[in-house]
Amino acid sequence: QVQLVESGGGLAQPGGSLRLSCAASGFTFSVFAMSWARQAPGKGVEWVSGVYADTINKYYSDSVKGRFTISRDNAKNMVYLQMDNLKPEDTGLYYCAKNPQYSDLTLYDSWGQGTQVTVSS
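Residues numbered from 1 in each chain as written. Predicted model: local features only at pLDDT ≥ 70, side-chain atom pairs only at ≥ 80, totals over all residues. Heavy atoms only, no water.

### Let's talk about the state of the cysteines
Thought 1: Enumeration over the complete set of coordinates arrives at 1 disulfide.
Thought 2: With a sulfur-sulfur separation of 2.1 Å, cysteine 22 is cross-linked through a disulfide to cysteine 96. Since a negative S-S torsion denotes a left-handed disulfide, the cysteine 22-cysteine 96 link at about -75 degrees is left-handed. In this pair, cysteine 22 is assigned in strand 3 (residues 18-25) and cysteine 96 in strand 9 (residues 92-98), connecting sequence segments 74 residues apart.
Thought 3: Classification of cysteine 96 by relative accessible area gives buried; the value is 0%. (Disulfide = S-S within 2.5 Å. Helix = DSSP H or I, 4+ residues; strand = E, 2+ residues; numbered from the N terminus. Buried < 20%, exposed > 50% of the residue type's maximum accessible area, 1.4 Å probe, protein only.)

See below:
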């Protein structure tokens, strides 16, 4: 079955950086768009970023645009989220998510357990 395992979360200071990784398995990774989403305590899931299977077309929510960079390595079945200039409001549980074929990037049918990102001074 689909398995997505996130890593790389932790504590960062405002203005700092973290790089999240997602190891994917159980599906033909290279033909699916992939996304990152996050959830702050008591809040709903917020789509953060997505990348098409071609590795080229990338999209970001307004809240992270210019600060985060999504990338993927189809040969390694990996998705990454480079997070720079972190802000306290970036705090949350970050999920790697698989987008169904032909679907909107903000929709997902699978996701991992998440990795916690805490931005605090």
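Now, onward.
### Here we look at the sheet that holds strand 7 (residues 68-73)
Across a sheet, paired strands are connected by hydrogen bonds in the backbone, their directions being either parallel or antiparallel.
Thought 1: Pairing is antiparallel across the open sheet formed by 4 strands, whose spatial order is 1-3-8-7. Taken across any chain shown, the strands that pair with only one partner, and hence form the sheet edges, are strand 1 (3-7) and strand 7. Taken pair by pair, the neighbouring strands of this sheet meet at an average axis angle of 15 degrees, ignoring direction. (Pairing = 2+ DSSP bridges. Axes fitted to C-alpha atoms, helices over the stretch in contact; angles between N-to-C directions.)

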